[in-house]
Amino acid sequence: SESCRGIITHVKSTADSIATLFDDPTLGNKIFHIPLGTRQRVTCKTPKPNGPVTILFTNSWHQGSTSFYLRGGLDVLEAYAVVFSKYPGSRLVLRTKLPPDLDQRYRCLIDRCNVQVIDQFLSEPEMEALFTSADAYVLPAARLHVVSVLQAMASGLAIIVSDGWGMAEYITHGRNGLIVPGRYGRSSWMDSNGMLRENYQPLFRADPAVTNGLADALSSLIKDVQMRTTLGQTALNDIGTRFSLERWNHDLAIAFDSALRDLRLTGND
């Protein structure tokens with residue numbers, strides 16, 4: 001359409017797929033890939049070499065209880081049970097509503113393994129304090145949840161995510177976080193026709209591959225304070241550069257200027 005002057009996306013996988021999806025190579029000239037930006041919430045994260053490690057898992061903003069499953073909540077609980085048996089001083093905070101149909105086994109696990117469930121409304125300062133108080137953030141979700149990932153990065157947390165669609169565009173394994181395999185190609189993937197495919201059914205039961213990978217990653221972060229610190233600080237540095245508000249606004253300006261320039265050239269301004 002001549003009235004479409006630009007398409008802005010924060011995921012490169014989407015940018016690459018649009019021309020294929022619509023079978024129109026010329027669409028590539030209209031696409032602007034601009035990774036999302038946010039502001040830093042802390043300047044540095046002080047390591048706690050001898051203190052207990054607090055692990056944070058959060059639900060979506062709307063707090064729909066089903067999203068507990070879709071964001072990998074069952075695998076988090078399974079992995080944490082393993083971790084807690086080896087490191088009983090650890091602590092898990094679940095910022096989520098629990099699904100009404102959550103199996104009793106998981107409710108018992110929550111009761112006996114030092115798990116705090118926060119399911120009431122939190123103000124923005126309270127949410128920021130929650131992130132700041134944690135040491136690690138876990139999100140083995142079906143696919144990318146960019147606001148949650150960036151919020152954890154901006155708080156200087158060591159992050160563990162799944163390999164779900166889009167995650168690797170923001171988290172680089174071993175550099176600014178850890179990636180646990182098991183979601184891509186099973187719960188989310190981009191097919192050869194440029195269509196994002198999603199199958200959420202596997203998320204409604206624990207996946208041994210994801211659980212084991214998550215338990216190993218959490219154990220590594222608990223044992224290795226230097227790894228925890230380096231991952232968190234690198235993530236924080238990325239917020240100041242690759243994912244800053246300043247870079248986001250700068251790149252948006254380029255996209256908008258391009259659209260306005262095309263309008264002026266066609267005499268439609």
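In this text the structure is predicted, and so the values were computed from the model without any measurement. Numbering of residues begins from 1 in every chain and follows the order in which that chain's sequence is written. The model is predicted, so local features are restricted to residues of pLDDT at least 70 and side-chain atom pairs to those at 80 or more, both for listing and for counting; the totals for chains, interfaces and linings are taken over all residues. Neither water nor hydrogens contribute to the side-chain values; these are computed over all heavy atoms in the structure.

Some thoughts on the overall build of the protein
If you tally the helices and strands in the protein, you get 9 helices and 10 strands. Only C-alpha atoms enter the radius of gyration, while the globule expectation follows 2.2 Å times N to the 0.38, with N the number of residues. Compactness check: the protein gives a C-alpha radius of gyration of 20 Å against a globular reference of 18 Å for 269 residues, within 12% of the reference. Projected onto the principal axes, the alpha-carbon positions of the protein cover approximately 70 × 40 × 35 Å. In the protein, buried positions account for 50% of the 269 residues. Residues are treated as being in contact if the distance between any of their heavy atoms lies within 4.5 Å. Taking the intrachain contacts of the protein between residues at least 6 apart in sequence as the baseline, contacts between residues at least 24 apart amount to 66%. Once the 27 positive and 27 negative side-chain charges of the protein are each reduced to a mean point, those two points are 5 Å apart. Put simply, DSSP H or I for four residues or longer makes a helix, DSSP E for two residues or longer makes a strand, and each gets a number counted from the N terminus. Type-normalised accessible area, obtained with a 1.4 Å probe on protein chains alone, sets the label of each residue: buried when under 20%, exposed when over 50%, and partly exposed for intermediate values. The charged-residue count follows a simple rule in which Lys and Arg add positive charge and Asp and Glu add negative charge, with His and chain termini not counted at all. To locate a charge, take NZ of a lysine, CZ of an arginine, CG of an aspartate or CD of a glutamate.

Quick look at the pairing of strand 3 (residues 54–58)
The buried fraction of strand 3 is high, at 5 of 5 residues. Side chains of strand 3 alternate between two faces, with Thr54, Leu56 and Thr58 and Ile55 and Phe57 buried alike. Pairing of strand 3 with strand 4 (residues 91–95) involves 5 bridges; the strand directions are parallel. Bridging across to strand 4, Leu56 finds its partner in Val93. At least two DSSP bridges between two strands are required for those strands to pair.

Digging into the state of the cysteines
Counting rule for disulfides: a pair of cysteine sulfur atoms within 2.5 Å. Under the counting rule described, the total for this entry stands at 0 disulfides. The cysteine Cys108 is free of any disulfide, with Cys113 supplying the nearest cysteine sulfur at 10 Å.

With respect to helix 7 (residues 208–223)
Expected span of a helix: the number of residues minus one, times 1.5 Å. Between its first and last C-alpha atoms helix 7 spans 22 Å; for 16 residues at 1.5 Å apiece the expected length is 22 Å, and the two agree. For helix 7, the full list of buried residues reads Val210, Thr211, Leu214, Ala215, Ala217, Leu218, Ser219, Leu221 and Ile222. Where helix 7 is buried, its residues meet strand 3, helix 3 (73–86), strand 6 (136–139), strand 7 (158–162), strand 8 (178–180) and helix 8 (225–240).

Quick word on the sheet that holds strand 4
Taken together, the 6 strands give an open sheet; going across it, the order is 5-4-3-6-7-8, and neighbouring strands pair in parallel fashion. For this open sheet the edge positions go to strand 5 (115–118) and strand 8, each flanked by a neighbour on one side alone. Taking the axes of each pair of neighbouring strands and ignoring which way they run, one obtains an average angle of 20° across the sheet. Simply put, an axis is a line fit to the C-alpha atoms, just over the touching stretch for a helix, and the angle between two N-to-C directions goes from 0 to 180 degrees.

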